[in-house]
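# Structure at a glance
Here's the letter readout for the chains.
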Amino acid sequence: QVQLVESGGGLVQPGGSLRLSCAASGNRFSINTMGWYRQAPGKERELVAITVGGSANYGDSVKGRFTVSRDNAKNTVWLQMDSLEPEDTAVYYCYAAGYYKNLPSIRSFTSWGPGTQVTVSS
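Presented here is a report on the structure given in the accompanying data block. (Residues numbered from 1 in each chain as written. Predicted model: local features only at pLDDT ≥ 70, side-chain atom pairs only at ≥ 80, totals over all residues. Heavy atoms only, no water.)

### What to know about the overall build of the chain
For the chain, the helix and strand inventory stands at zero helices and 11 strands. Start at the N end of the chain and walk to the C end: the helices and strands fall as β-β-β-β-β-β-β-β-β-β-β. For the chain, whose C-alpha radius of gyration is 15 Å, the value lies close to the compact-globule estimate of 14 Å for 122 residues. C-alpha atoms of the chain, sized along the principal axes, occupy 55 × 25 × 25 Å. Sorting the 122 residues of the chain into buried and exposed places 41% on the buried side. (Helix = DSSP H or I, 4+ residues; strand = E, 2+ residues; numbered from the N terminus. Rg over C-alpha atoms; globule rule 2.2 N^0.38 Å. Buried < 20%, exposed > 50% of the residue type's maximum accessible area, 1.4 Å probe, protein only.)

### Some details on the sheet that holds strand β1 (residues 3–7)
Taken in spatial order, the four strands of this open sheet run β1-β3-β8-β7, and their pairing is antiparallel. The sheet is open, and its two edges are formed by β1 and β7 (66–71), each paired on a single side. Neighbour to neighbour, the strand axes of the sheet diverge by 15° on average, direction disregarded. Relative to strand β8 (residues 76–81), strand β3 (residues 18–25) runs antiparallel, the two being bridged by six bridges. Bridge pairing links L20 to L79 in β8. (Pairing = 2+ DSSP bridges. Axes fitted to C-alpha atoms, helices over the stretch in contact; angles between N-to-C directions.)

### Topic: the nonpolar core
Ranked by size, the top nonpolar core spans 30 residues in total, and within it M34, W36, L79, M81 and Y92 carry the most contacts. Of all the secondary-structure elements, those providing two or more residues to this core are β3, β4 (29–39), β5 (46–52), β7, β8, β9 (90–100) and β11 (116–120). In terms of residues, this core owes the most to one element, β9, which gives five residues. Setting aside residues up to four positions removed in sequence, Y92 forms contacts with E6, L20, W36, Y37, R38, V48, F66, L79, M81, G115, T116 and V118. (Core = buried A, V, L, I, M, F, W, Y, C linked by side-chain atoms within 4.5 Å. Contact = heavy atoms within 4.5 Å.)

### Some details on the state of the cysteines
Counted under the stated rule, the structure contains one disulfide. What pairs with C22 in a disulfide is C94, and their sulfur atoms sit 2.0 Å apart. Residues C22 and C94 are joined by a disulfide whose S-S torsion is about -85°; by sign, that bridge is left-handed. Within this pair, whereas C22 is found in strand β3, its partner C94 is found in strand β9, the two being separated by 72 residues in sequence. Comparing C22 with C94, the two get one shared label, buried. (Disulfide = S-S within 2.5 Å.)

In structure tokens form, the structure reads like this:
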């Protein structure tokens, strides 16, 4: 029921920057965790950055280069990617987890966006 839509992917040269955006929509929900994963061809999906509360956790390969930010009122999360490398080429997926508020019993959910392609190449 909660849908995620990513934007901001594209082609960038090594050393360049991109900013990804993801917005969640749906009916009567609350998000606890929101962030980003990525999957490169032939590789497993891996954590990029995740936020919960006031904390952020980054994958080792992006620490110091990527920054995740979040606007809880807008159910939106961003990923600022700097010093991009060819190894960052992947499909980037927005992720959210939380709960529905419109049921007698509170039910949790996990949602994924359709993904946005990021290609780093000269």
